[in-house]
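# Architecture at a glance
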There are 2 protein chains.
Amino acid sequence: MLHWQFLGTSAGIPTKKRNVSALALGQYQRKPWLLIDCGEATQHQLLHTDWSMHHLSAICITHVHGDHCYGLPGAIASASMHKRTAPLTIIAPDAVWQWLQQTIALTDMHLTYELQFIHVEQLLHAPITLDGFVIETHALNHRVPSHAFKITYTESKRQLNLAALEHAQVPKGKTWGLLQQGQDVEINGHTYDSDDFVIQQQHRACVIVAGDNDTPELLQDACVDVDVLIHEATYTQEVADKVGSFPMHSSAKQVATFAQNTGLPNLILTHFSSRYATKTLLQPLLQEAQQFYEGQVFLADDFQVYHLLKNGESNRLSLFLQSHS
Amino acid sequence: MLHWQFLGTSAGIPTKKRNVSALALGQYQRKPWLLIDCGEATQHQLLHTDWSMHHLSAICITHVHGDHCYGLPGAIASASMHKRTAPLTIIAPDAVWQWLQQTIALTDMHLTYELQFIHVEQLLHAPITLDGFVIETHALNHRVPSHAFKITYTESKRQLNLAALEHAQVPKGKTWGLLQQGQDVEINGHTYDSDDFVIQQQHRACVIVAGDNDTPELLQDACVDVDVLIHEATYTQEVADKVGSFPMHSSAKQVATFAQNTGLPNLILTHFSSRYATKTLLQPLLQEAQQFYEGQVFLADDFQVYHLLKNGESNRLSLFLQSHS
């Protein structure tokens, strides 16, 4: 079961209640996880969660702006002080990698583990698999090169075929367990073939986490088989019109309209302007999104945990809130 | 009245309760202030205080380690997003300045104001004055070049000489006010000279804020006329002995012994190892300090505000706690 937690949902600058961008994503109750964006104080946010830097597989950075990457040096330095030894993958624009190299050299940082760099453009429609996560990137449109990460996880489950077991009169108990684990079993000269009594079930879950972007339509093709789109909606359309096009961000209306036209089942909006200092002030964004989109839509908040639950043929997104410890 | 607030008191890594190093220092109820060190998430801490980035005179960085400077890019970028226009002075080691230049160039940072760099070594025993703060630096001993900032502020007050006014039978009211402001006053052909009725009082306050350092004795000469020394005490002597000399930090015993031998009136210890996760765990450092030092000693905590109050001939340090808003 894919699940993720928002560590920062504010655009540009932190507020008293929201940090700048970061999101932790993993497979429920399995240790490897991905960190997508790493704004300043992401390591501070992590102190109040269950995600451990020891088990982090990769840090994926959408673009070079500070509110998406200034937490990187502190996070990797602290992992080192906690004696991490496993190599850590950094998937990022080249400028972020250059900046990290300069930071390490100039600030006397000595890592206890290796950083392995993958250029974000290397994964454009060419996925890699890391600890079971299939990761590919899609180009967006912003003031600097910005990307979306499409992450797919397929969970395989071997379920016993009860009807077949009963029909063949296989004795219950240890034998059933061995068959489920894939072992053939011989009883009184008769061999029971595991494959005859097991149904392979595959649960595929797919999420797109987009960086800053003023053209959601760029994700049209990428969104075809996606369960959830997590996309910035920095302000309402009214505010976007006042601000003008220079910042190159999306409005709630824009993203909602795209999600509706693409037939996306679930949408989470994040990266809200600091002018929306309270949840009440943020409500117009939800209302605007609901006006243009008939699917399930949420406004992200710091420390919210989302789980993608299987529900019959389709994936259904359910929201749980984890208290701030 | 000089006052300051700790924004971070943890060494190396943040904990749930303590951030990494930063301290805000100013003259009570006057706007210009100094930020000494700027660990990651210093701008987040500032959101919960009354210090405004608009009125910041200078950022002084003791040394290049990340827990003392990784908050710098975010802090200066956010000041820009809040449309600061006044130039900002950065007093720091050359490596910090190089890192900042690289960060600005590589992460698409566009400042609305100018940064003015002063190399920390330029102020070695050669003070400059910024908005009334006299700042000089003193070299310390650490794994990288590290410095202490000695900050002196002299407050001038013009007090009316009541005895002289009564003796000369100067009429009370507006005349007294004008004399205090430095204006001579003519009444019925007689001129009252302001200087004859005003006493110039000067209150000098002096604080040293030291960076990481394993040799407090290096501050011997600098401490002669100092009211308060703020110095790291990363652990107790017992832990320091176990850890060994490599980290090049001070123990509570070391700093207390130095303060005692130098006759310092006030001492504040800070920069505590994250192993001291609670106030109870930290108590042995206070006990150790009190064992070797007879002056007034405090253990710093995040968001504590200290005021240096004049008390007769000597300055007396009083502690106020400001609640976390």
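All of these numbers come straight from a predicted model, not from anything done at the bench.

Before going further, it helps to spend a moment on the nonpolar core. Core analysis: the biggest nonpolar cluster contains 65 residues, and Ile59(A), Ile76(A), Leu115(A) and Ile59(B) have the highest contact counts within it. Counting residues per element, this core draws most heavily on helix α4 (residues 94-106) of chain A, at six residues. With residues up to four places along the chain from it excluded, the contact list for Ile76(A) reads Ile59(A), Leu88(A), Leu100(A), Ile104(A), Met109(A), Leu111(A), Tyr113(A) and Leu115(A).

Another aspect to go through is the pairing of strand β1 (residues 2-8) of chain B. Residues and elements named next belong to chain B. In terms of burial, β1 is a largely internal element, seven of the seven residues being buried. Across six bridges, the pairing between β1 and strand β2 (residues 22-27) is antiparallel. Across the sheet, Phe6 pairs through a bridge with Leu23, a residue of β2. As paired strands, β1 and strand β16 (residues 304-311) are joined by three bridges and run antiparallel to one another. Within β16, the position partnered with Gln5 by the bridge is Val305.

All names here are of chain A. Residues given the UniProt feature "binding site: Zn(2+) 2" (unreviewed entry) here are Asp67, His68, Asp212 and His271. Spatial clustering of the annotated residues is evident: they stretch over 205 residues in sequence, but the largest pairwise C-alpha distance comes to 10.6 Å. Looking at the secondary structure, you find Asp67 in helix α2 (residues 66-69). Not counting residues up to four positions away in its chain, the partners in contact with Asp67 are Ala11, Gly12, Val20, Ser21, Gly39 and His271.

All names here are of chain A. Within this structure, the stated rule accounts for 16 aromatic pairs over all chains. Summarising the aromatic geometry, the rings of Phe6 and Tyr306 are spaced 5.6 Å apart at their centres and angled 80° between planes, so their arrangement reads as edge-to-face. Pair noted here: Phe6 is in strand β1 (residues 2-8) and Tyr306 is in strand β16 (residues 304-311), with a separation of 300 residues, a long-range link. Each of the two residues, Phe6 as well as Tyr306, counts as buried. Through a chain of ring-to-ring contacts, three or more aromatic side chains come together here, namely Trp4, Phe6, Phe298 and Tyr306. Residue placement shows Arg84 over the ring face of Tyr113; its charged tip is 5.4 Å from the ring centre.

Before going further, it helps to spend a moment on the sheet that holds strand β13 (residues 228-232) of chain A. Residues and elements named next belong to chain A. With respect to topology, seven strands assemble into an open sheet ordered β7-β8-β9-β12-β13-β14-β15, the strand pairing being mixed. With one partner strand each, in any of the chains shown, β7 (128-130) and β15 (296-299) form the two edges of the open sheet. Each strand axis lies, on average, 25° off the axis of its neighbour in the sheet, ignoring direction. The pairing of β13 with strand β14 (residues 266-270) spans four bridges and is classified as parallel. When the bridges of β14 are listed, Ile230 appears paired with Ile268. Most of the contacts of helix α9 (residues 252-262) go to β14, to which it runs at about 165°, and overall it touches β13 and β14. Its contacts with the sheet place helix α10 (residues 279-292) against β14 and β15, and it is angled at close to 165° to β15.

Reading the values: rules and limits
Residues numbered from 1 in each chain as written. Chains lettered and ligands numbered in written order. Predicted model: local features only at pLDDT ≥ 70, side-chain atom pairs only at ≥ 80, totals over all residues. Heavy atoms only, no water. Core = buried A, V, L, I, M, F, W, Y, C linked by side-chain atoms within 4.5 Å. Buried < 20%, exposed > 50% of the residue type's maximum accessible area, 1.4 Å probe, protein only. Helix = DSSP H or I, 4+ residues; strand = E, 2+ residues; numbered from the N terminus. Contact = heavy atoms within 4.5 Å. Pairing = 2+ DSSP bridges. UniProt positions renumbered as here; feature names shortened; annotations may be inferred. Phe/Tyr/Trp six-rings, centres within 6.5 Å; stacked < 30°, edge-to-face > 60°. Lys NZ or Arg CZ within 6 Å of the ring centre and 35° of its normal. Axes fitted to C-alpha atoms, helices over the stretch in contact; angles between N-to-C directions.

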